[in-house]
Amino acid sequence: MAEARTPDAEARTPDEVVARAARATGLVDLDGAVSDCFACPRLVAWREEVARTRRAAFRDQTYWGRPVPGFGTADARIGILGLAPAAHGGNRTGRIFTGDRSGDVLFAALHRAGLANQPTSVAADDGLALRDTRIFAAVRCAPPDNKPTPAERDTCAPWLHREVALIRPTLRVVVALGAFAWAAWWPALREVYGVRPPSPRPAFGHGAHWSGTAAPALLGCYHVSQQNTFTGRLTPGMLDDVFARAKQLAGVD
Ligand code: SF4
């Protein structure tokens with residue numbers, strides 16, 4: 001459930017998100033500011049409702065019930081961009097892709113790729129550490145039906161843009177998990193890198209690749225959702241290929 005707030009740090013409107021994100025001096029500051037965001041009334045109501053009602057299997061747990069910051073190293077060469085936290089995953093544990101089946105698949109792949117020190121991600125204090133990698137979402141609050149509105153995506157974008165700006169010195173490639181993340185990346189080109197996004201936008205697909213001269217490369221990967229992994233649309237081998245390609249593009253051994 002929600003912790004005590006720090007009113008002077010809260011962002012409660014889209015303009016306050018812009019201003020607070022711009023003031024973030026580093027990733028720790030940014031992560032704290034993201035966690036204190038209340039700018040999307042529908043998502044705030046949903047994340048808190050889920051945290052109150054909980055899933056039966058987690059009834060004895062205290063849900064995070066807040067926005068979920070990025071996770072990973074400050075000198076990341078590889079960024080992984082997801083859609084939004086899961087209601088009973090990140091919204092429960094407070095760490096992105098942690099505590100749900102999507103995270104099980106993702107972190108097992110990152111471990112195989114040598115980018116994570118363990119193959120599981122079950123709780124914020126489980127000792128997981130990433131190498132050369134940072135994971136973040138286009139929208140930082142769990143949305144109903146995993147579907148943020150365009151307005152919510154746009155309201156949340158400054159958090160993403162500031163995070164990318166802070167790791168810009170090392171960031172070389174971004175893996176977009178799904179079409180939503182793929183589409184959410186293009187505004188970052190203009191906002192962070194001063195680069196005009198390509199027109200028309202390259203279509204999303206698994207294995208799709210875009211690269212410009214003054215911005216990180218973008219790789220498309222089917223989302224690690226249960227819908228994709230249970231049906232075999234996305235296999236462990238396909239994920240291994242994407243992360244091998246990402247490492248190659250990023251110059252990671
Ligand atoms: S989705 Fe983003 S902008 Fe909206 S309340 Fe959550 S953190 Fe704030």
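Everything below is about the structure printed above this text.
1. Regarding the overall build of the chain
Within the chain, the secondary structure is distributed over nine helices and six strands. Its C-alpha atoms give the chain a radius of gyration of 17 Å, near enough to 18 Å, the size a compact globule of 253 residues would have. The buried share of the chain, reckoned over its 253 residues, is 56%. About 11000 Å² of surface is accessible on the chain, with carbon and sulfur atoms providing 53% of the total.

2. Looking at unusual backbone geometry
Along the chain, S199 connects to P200 via a cis peptide bond; the corresponding omega equals 0°. If you trace the backbone, P200 turns up in the loop between α7 (179–193) and β5 (209–210). At R54, a residue that is not glycine, the phi angle is positive and equals roughly 60°. For R54, a relative accessible area of 28% puts it in the partly exposed group. In this model, F97 sits at a positive phi of 55°, which is unusual for a non-glycine residue.

3. Observations regarding the sheet that holds strand β2 (residues 78–82)
Read across the sheet, six strands follow the order β1-β3-β2-β4-β6-β5 without closing on themselves; strand pairing throughout is mixed. Each edge of the open sheet is held by one strand with a lone partner, namely β1 (71–72) and β5. Summarising the sheet, β2 and strand β4 (residues 173–177) pair through four bridges and their orientation is parallel. The residue bridging G79 from the neighbouring strand is V174, located in β4. Set on the sheet, helix α9 (residues 236–250) makes contact with β2, β4, β5 and β6 (217–221); between it and β6 the angle comes to about 175°.

What counts, and at which threshold
- Residues numbered from 1 in each chain as written.
- Predicted model: local features only at pLDDT ≥ 70, side-chain atom pairs only at ≥ 80, totals over all residues.
- Heavy atoms only, no water.
- Helix = DSSP H or I, 4+ residues; strand = E, 2+ residues; numbered from the N terminus.
- Rg over C-alpha atoms; globule rule 2.2 N^0.38 Å.
- Buried < 20%, exposed > 50% of the residue type's maximum accessible area, 1.4 Å probe, protein only.
- Areas by Shrake-Rupley, 256 points an atom, 1.4 Å probe, with all protein chains shown as cover.
- Pairing = 2+ DSSP bridges.
- Contact = heavy atoms within 4.5 Å.
- Axes fitted to C-alpha atoms, helices over the stretch in contact; angles between N-to-C directions.

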